[in-house]
Amino acid sequence: MIFNKELPCGLQITRYKTWQRLMQDLTARPTCDTGYEEGSWVLPCAPDANASCYWREAAWIPKRCRHEQFSRAEMLQNLSGRTLVFLGDSTLHAIMYSVLELINGTLIAPKTVKAYAEFAINSNRTRIVFDYYREHDKLPKTMEVDNSWNRFRQLIQRAQPIENSRNTVLVFGGAEWIRPQHLHYLQLRLKEIGLQNISTIFKSPSMGFWSWHSASASKPVEAGNLRRFTTEVLRTARQLGVDVIDTFYPTVSRYKEFRSGSCACHFHSLVATNSKYPNQFHIEGPINEVVSRILLSRLCKI
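Criteria and thresholds
Residues numbered from 1 in each chain as written. Predicted model: local features only at pLDDT ≥ 70, side-chain atom pairs only at ≥ 80, totals over all residues. Heavy atoms only, no water. Helix = DSSP H or I, 4+ residues; strand = E, 2+ residues; numbered from the N terminus. Axes fitted to C-alpha atoms, helices over the stretch in contact; angles between N-to-C directions. Parallel < 35°, antiparallel > 145°, perpendicular 65-115°, else oblique. Left-handed = near helix turned anticlockwise from the far one by under 90°. Contact = heavy atoms within 4.5 Å. Nonpolar A, V, L, I, M, F, W, Y, C, P; charged D, E, K, R; others polar. Core = buried A, V, L, I, M, F, W, Y, C linked by side-chain atoms within 4.5 Å. Buried < 20%, exposed > 50% of the residue type's maximum accessible area, 1.4 Å probe, protein only. pLDDT = per-residue confidence, 0-100. Pairing = 2+ DSSP bridges. Disulfide = S-S within 2.5 Å. Polar contact = N/O pair within 3.5 Å; in protein donor to acceptor, adjacent residues only side chain to side chain.

## Describing unusual backbone geometry
Step number 1: With an omega of 5°, the peptide bond running from Gln-160 to Pro-161 counts as cis.
Step number 2: Examined against the element boundaries, Pro-161 turns out to sit in the loop between α4 (144-158) and β6 (168-173).
Step number 3: Of note in this structure, Asn-122 is not a glycine but carries a positive phi near 55°.
Step number 4: Secondary-structure assignment places Asn-122 in the loop between β4 (117-121) and β5 (126-132).

## Regarding the packing of helix α3 (residues 90-104) against helix α8 (residues 286-301)
Step number 1: α8 packs onto α3 with a crossing angle of 70° between their chain directions and a minimal axis gap of 9 Å. As judged from the angle between their axes, α3 and α8 are roughly perpendicular. The hand of the α3/α8 crossing is right-handed. Between α3 and α8, the contacting residues are Ala-94, Ile-95, Ser-98, Val-99, Leu-102 and Ile-103 on the first element and Asn-288, Val-291, Ser-292, Arg-293, Leu-295 and Leu-296 on the second.
Step number 2: Within the contact of α3 with α8, the residues separate by chemical class into eight nonpolar, three polar and one charged.

## Looking at the nonpolar core
Step number 1: Of all hydrophobic cores here, the largest spans 66 residues; its most connected members are Phe-86, Phe-152, Phe-202, Leu-295, Leu-296 and Leu-299.
Step number 2: Of the residues forming this core, the biggest block, eight residues, is contributed by α3.
Step number 3: Leu-22, Leu-26, Val-42 and Ala-59 belong to the second-largest nonpolar core, a separate cluster that totals six residues.

## Section: the confidence of the model for the protein
Step number 1: Averaged over all residues, the pLDDT of the protein equals 79, while 79% of them reach at least 70.
Step number 2: Ranking the elements of the protein by mean pLDDT puts α4 last, at 73, and helix α2 (residues 72-78) first, at 93.
Step number 3: Every residue in residues 136-143 scores below 50 in pLDDT, and together they form seven contacts with partners more than four places removed in sequence or on other chains.
Step number 4: The model gives residues 212-220 a pLDDT under 50, and that stretch makes 19 contacts with residues more than four places away or in other chains.

## Observations regarding the sheet that holds β4
Step number 1: Spatially, the six strands line up as an open sheet ordered β4-β5-β3-β6-β7-β8, and their pairing is mixed. Looking at strand neighbours, the two that pair on one side only are β4 and β8 (243-245), the edges of this open sheet. Between one strand axis and the next, the sheet turns through 20° on average, direction left out of account.
Step number 2: Pairing of strand β3 (residues 82-88) with β6 involves six bridges; the strand directions are parallel. Across the sheet, the residue bridging to Leu-87 is Phe-172, located in β6.
Step number 3: Relative to β8, α8 is tilted by about 160°, and along the sheet it contacts β3, β6, β7 (199-203) and β8.

## Digging into the state of the cysteines
Step number 1: Tallied over the full model, the rule gives two disulfides.
Step number 2: Through a disulfide, Cys-32 is tied to Cys-65; the S-S separation comes to 2.0 Å. Where Cys-32 bonds to Cys-65 through sulfur, the torsion about that S-S bond is close to 95°, and the disulfide is right-handed. Of this pair, Cys-32 sits in the loop between α1 (19-28) and β1 (39-42) while Cys-65 sits in the loop between β2 (59-62) and α2, and the two are 33 residues apart along the sequence.
Step number 3: Covalent S-S linkage joins Cys-45 and Cys-53, the inter-sulfur distance amounting to 1.9 Å. Where Cys-45 bonds to Cys-53 through sulfur, the torsion about that S-S bond is close to 105°, and the disulfide is right-handed.
Step number 4: Cysteine pairing in the protein follows 1-4, 2-3, where each cysteine in a disulfide is numbered by its order in the sequence.

## A look at the side chain of Thr-34
Step number 1: Looking at the secondary structure, you find Thr-34 in the loop between α1 and β1.
Step number 2: Residue classification places Thr-34 among the buried positions, given a relative accessible area of 5%.
Step number 3: A distance of 3.2 Å separates the side chain of Thr-34 from the backbone nitrogen of Tyr-36, its partner in a polar contact.
Step number 4: Setting aside anything within four residues of it in sequence, one finds Thr-34 in contact with His-67, Arg-238, Asp-243, Val-244 and Arg-298.

Below, the structure written as structure tokens:
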């Protein structure tokens, strides 16, 4: 799949002679100041050009920095006293549950994606709230912004008490529905209801759902067009001071790993654990895990 004609296709040889040298260089880099950093998947391969590469060891490496990693104890400390509010579709739902598992250590399988959900974790010191929104394809263009705002306002009302400070983080986004005008409108309306001081994080579109490869794609799009659309929205977000978790670049080169399904779809799967508790599950999927850890890194720093 060609999404940038200036870049070569296929695996490319890096300047690092060993995997250890790459990891050493990555450790010495400064930490990233946003969740949006262009990068590439890097994986170790055997010296023989005809030998296999080890895709299970593939790592997402930003070009100029590194996403800081936190231990579970550090995450619990950094997220104590905070409320994380998620509004989006099943792509964000998967990331939310992955974040929940990484923080909490365990995961109870969700009954449904398209429902309001609230969790108290970290000995009730951290709240996570989620509400589903994916109605852009059923609305006239003139109604999209107002409808998304009404859904968010309902979510805020249900999730009270909400503190007007950095202790509240709104994470929003979906497969496609966020546009530049949403971001401007959201900033205005947050100020109107006295939540102008909360932190906001936008999740950009991912490639899998909109590719020709996906059986779920009702209207496949050309990768270059989605890249230009994503770049425009990301630029607007950064101008407005909205942090960004980019899912386009990590997914575009691995779009064939998209997993179609009614709920447990996109770049993850729910897998039952060998636990004595029958409802405990684990989220599998390297791409979803990378994006979730980037989000956790930003949550612990903002």
